[in-house]
Amino acid sequence: MAENNLFQVEIICPDHMFYQGEASMIEFNTSEGQVGILKNHVPETLIVRPGIVVITDGQKKQEAALHGGFAEVLKDKVTILAQAAEWPREIDVARAEEAKERAQKRLSDKRQDLDVLRAELSLKRALVRLDLTKNK
Ligand code: ATP
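Residues numbered from 1 in each chain as written. Predicted model: local features only at pLDDT ≥ 70, side-chain atom pairs only at ≥ 80, totals over all residues. Heavy atoms only, no water.

Focus: the packing of helix 1 (residues 93-109) against helix 2 (residues 116-133)
Relative orientation and spacing of two packed helices are given, respectively, by the angle between their axes and the distance between those axes.
So, step 1. Axis separation between helix 1 and helix 2 bottoms out at 8 Å; the angle between their running directions is 150°. Relative to helix 2, the crossing made by helix 1 is left-handed. For the pair helix 1 and helix 2, contact is made by V93, A96, E97, A99, K100, A103, Q104, R106 and L107 and by V116, A119, E120, S122, L123, A126, L127, R129, L130 and T133, respectively.
So, step 2. The residue makeup of the contact of helix 1 with helix 2, split by class, is 11 nonpolar, three polar and five charged. (Axes fitted to C-alpha atoms, helices over the stretch in contact; angles between N-to-C directions. Helix = DSSP H or I, 4+ residues; strand = E, 2+ residues; numbered from the N terminus. Left-handed = near helix turned anticlockwise from the far one by under 90°. Contact = heavy atoms within 4.5 Å. Nonpolar A, V, L, I, M, F, W, Y, C, P; charged D, E, K, R; others polar.)

Some points on a negative patch on the surface
So, step 1. Residues D92, E97, E98 and E101 make up a contiguous surface patch of negative charge.
So, step 2. Tracing the backbone shows E97 in helix 1.
So, step 3. Using a relative accessible area of 31% as the deciding quantity, one classes E97 as partly exposed. (Patch = residues over 30% accessible without salt bridge, like charges linked within 9 Å, V, L, I, M, F, W, Y side chains within 5 Å. Areas by Shrake-Rupley, 256 points an atom, 1.4 Å probe, with all protein chains shown as cover. Salt bridge = Lys/Arg side-chain N within 4 Å of Asp/Glu carboxyl O. Lys, Arg positive; Asp, Glu negative; His and termini not counted. Charge placed at Lys NZ, Arg CZ, Asp CG, Glu CD. Buried < 20%, exposed > 50% of the residue type's maximum accessible area, 1.4 Å probe, protein only.)

Section: a positive patch on the surface
So, step 1. There is a patch of like positive charges on the surface, built from R95, R102, R106 and R118.
So, step 2. Take the positive patch: its biggest share by element is three residues, from helix 1.
So, step 3. Structurally, R118 can be placed in helix 2.
So, step 4. Overall, the relative accessible area of 64% leaves R118 in the exposed class.

Rendered as structure tokens:
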């Protein structure tokens, strides 16, 4: 892919810079559904939802878990302020299994004081982590 199709990408977690580099496309999940951003995209701000982010730089694709936050899309740069993000090698599968079971139990117990959205988002984060690490 020609060099002029590249744009800057930064994914910033609360305590570290998760990713900084160039990409020809970045795909991630948002409150409006899955998006794929190319260079010269119309500037906008997006709400990031738990999902797998795919960063393509022409020759290679890198995948990571991305758990929520905000994305600022400019014509030549995408900045994501993420709640949390992990590369597959960083994911603790047993911890994600436990989080999944905890969230599923909360949702099925349906206690009156249950914060349903919080439990659903927790379940979704666990499922994204497990999805990214399966077959790896
Ligand atoms: P848990 O209930 O296990 O803490 P969670 O989904 O509530 O899971 P988050 O609030 O999304 O956790 O993340 C808190 C921090 O812990 C972040 O830095 C995140 O990257 C890390 N983290 C959470 N779960 C895992 C996991 N299974 N493997 C690796 N890192 C994780």
